[in-house]
Each structure stands twice: as C-alpha cells, then as structure tokens.
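Geometric and topological summary
Given next are the chains, with one letter for each unit.
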Amino acid sequence: MKETLRIIGKEGVESSSGWKMELLSPEILVYREGEKSIHLEMEDRPDVGGEMEWIIYTPEHWTWSEKDEPLAQEKISEILKRIELAFWKLDMKIKEIVDPIM
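Counting from 1, residues in each chain are numbered in the order their sequence is written. The model is predicted, so local features are restricted to residues of pLDDT at least 70 and side-chain atom pairs to those at 80 or more, both for listing and for counting; the totals for chains, interfaces and linings are taken over all residues. Calculated side-chain values reflect all of the structure's heavy atoms, with hydrogen atoms and water omitted.

1. What about the pattern of salt bridges?
Any carboxyl oxygen of Asp or Glu within 4 Å of a side-chain nitrogen of Lys or Arg constitutes a salt bridge here. A full pass over the atoms with the stated rule returns ten salt bridges. Across the pair E33 and K75 runs a salt bridge whose closest N-O atoms are separated by 2.7 Å. Linking E33 in strand β4 (residues 28-33) with K75 in helix α1 (residues 73-89), this pair joins segments that are 42 residues apart in sequence. On the basis of relative accessible area, E33 is assigned to the buried category, the value being 17%. It is possible to trace a salt-bridge network through shared partners that takes in E33, K75, E78 and R82. Put simply, DSSP H or I for four residues or longer makes a helix, DSSP E for two residues or longer makes a strand, and each gets a number counted from the N terminus. The cut-offs for exposure are 20% and 50% of the maximum accessible area for each residue type, with area from a 1.4 Å probe on protein chains only; residues under the lower value are buried, those over the upper are exposed, and the others partly exposed.

2. A short note on the environment of I56
With respect to the helices, strands and loops of the structure, I56 is situated in strand β6 (residues 52-57). Sequence spacing of I56 and L80 is 24 residues, and the spatial spacing of their C-alpha atoms is 9.9 Å. In contact with I56, other than residues within four places in its own chain, are L29, L40, E41, M42, I83, F87, I94, E96, I97 and V98. Contacts are residue-level and defined by heavy atoms, with any inter-residue pair within 4.5 Å sufficient.

Keep in mind these numbers describe shape, not what the thing actually does.
Below you can see the structure in the form of structure tokens.
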C-alpha cells in the first residue's frame, strides 16, 4: 500500500502509515509515532531572495523518553526523511539539518 500524506491543521502533516509531524511554534517541531514523540528545535532564515528557509537542530540524544534506550541510526534516518517529506508537503524549504555531534 502506498503511503499518503495529508495536511492537518495549519502546520502539520499526518501519514497513512501512522506518523505525524507538527510545528508547535516557529522554534519547535514534534515528530510522533502513536504515543511516542521527539521534539526538535528549529529556526527560520530568509534566503537571498527573501524566501524563508528552515534550519532544524537534531537532539543530542535520540530517545522517545528519558528512560528509553537511544534510537538506532536507521530509525533516526527514517525520522529525518519523514520530517523532510512533511516539510515538502507543507511547501516549506529546509536549508540544513544540524547534528550537534558534528
């Protein structure tokens, strides 16, 4: 079955496969799978043409909650791809995804 995306609310995307991404504020986005969620910080900056571009800052520790084990790199990559897809659906441009470890 092909995955479909739909815009929810003003700034959110929901997938037919069960994940969601919502912009809680201009500085915070949340990625959800069921009851689990991860918050990422972000900021917007205009490009040379004045169009807004987003910089997303990944968490230093990728866990669903403080008591959970760290997520596997494959899962992190999957989440980031889904966030990029959600931004595309919202017609928002990502300038950069910043990893605090690098």
